[in-house]
Amino acid sequence: MNESQIDLAHCVALGSIGDEDQRAVQELLDTGDPVLRADFTQEVQQTREALALCASSVAAAPPPALRDRILAAVAADQAPPTAIHHSRPPLHTGNGRSTRAVHD
């Protein structure tokens with residue numbers, strides 16, 4: 001199978017297939033190549049199984065200590081200790097000209 005056929009199989013598994021793609025699937029399934037037809041069908045099935053596995057997974061709650069650290073950092077108006085800090089020069093507004101009056 002080529003990459004576009006694999007992408008097509010993924011669209012079929014997701015159920016997000018349009019009319020043009022539906023015709024392409026029908027052409028692919030109507031080919032005289034039983035190996036291609038079997039590979040396509042297998043790719044659709046494996047994708048559906050992977051999607052079902054992802055959908056059945058359960059999210060785990062973060063540890064209570066993490067929540068406490070984040071709330072403490074917000075309260076102190078600081079970034080969490082794992083954040084990466086970059087030092088940047090201060091921003092200057094204006095056009096770069098001196099603001100002092102020039103007296104002749």
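Note that the structure is a prediction, hence the values are computed from the model and not measured.

1. A closer look at helix α1 (residues 3–14)
Because each turn of an α-helix spans 3.6 residues, side chains separated by three or four positions in sequence point in the same direction.
Logical step 1: Taking 1.5 Å of rise per residue, the 12 residues of α1 would be expected to cover 16 Å, and the 17 Å separating its terminal C-alpha atoms lies within 8% of that figure.
Logical step 2: Considered for burial, the residues of α1 that qualify are Gln5, Leu8, Ala9, Val12 and Ala13. Seen end-on, α1 carries its buried residues on one side only, within an arc spanning 140°. Exposed residues pointing more than 90 degrees away from the buried face of α1 are listed as Glu3, Ser4 and Leu14.
Logical step 3: Looking at the buried side of α1, the elements it contacts are α2 (19–29) and α3 (34–56).
Logical step 4: Glycine 15 occupies a position one or two residues after α1 and carries a positive phi of about 75°.

2. Thoughts on the side chain of threonine 47
Logical step 1: Assignment of secondary structure puts threonine 47 in helix α3.
Logical step 2: Residue classification places threonine 47 among the buried residues on the basis of a relative accessible area of 14%.
Logical step 3: If we skip the residues at most four places from it in the chain, threonine 47 touches His10 and Ala13.

3. Considering the nonpolar core
Side chains of a nonpolar character, in soluble globular proteins, are inclined to be buried together.
Logical step 1: One finds Leu8, Ala9, Val12, Ala13, Val25, Leu28, Leu36, Phe40 and Val44 forming the largest nonpolar core, which totals nine residues.
Logical step 2: Looking at this core, the elements that each hand over two or more residues are α1, α2 and α3.
Logical step 3: Among the elements that make up this core, the one with the highest residue count is α1 (four residues).
Logical step 4: Residues within four places of leucine 8 in sequence aside, it is in contact with Ile17, Asp21, Ala24, Val25 and Phe40.

About the cut-offs
The numbers attached to residues start from 1 for each chain and follow its sequence in the written order. It should be noted that, the model being predicted, local features are given only for residues of pLDDT at least 70 and side-chain atom pairs only at 80 or more, the latter also being counted only at that level, while totals for whole chains, interfaces and linings use all residues. With hydrogens and water stripped out, all remaining heavy atoms of the structure feed into the side-chain values. Working definition: helices are DSSP H or I runs of at least four residues, strands are E runs of at least two. Numbering for both runs from the N terminus. The span you would expect from a helix comes to 1.5 Å times its residue count less one. Classification of residues uses two cut-offs on accessible area relative to the type maximum, computed with a 1.4 Å probe and protein chains only: under 20% is buried, over 50% is exposed, and between them is partly exposed. Note that the arc is computed from the directions linking the helix axis to the C-beta atoms. Contact criterion: two residues are considered in contact whenever any of their non-hydrogen atoms come within 4.5 Å of each other. The definition of a nonpolar core used throughout is a set of buried Ala, Val, Leu, Ile, Met, Phe, Trp, Tyr and Cys residues joined through side-chain atoms within 4.5 Å.

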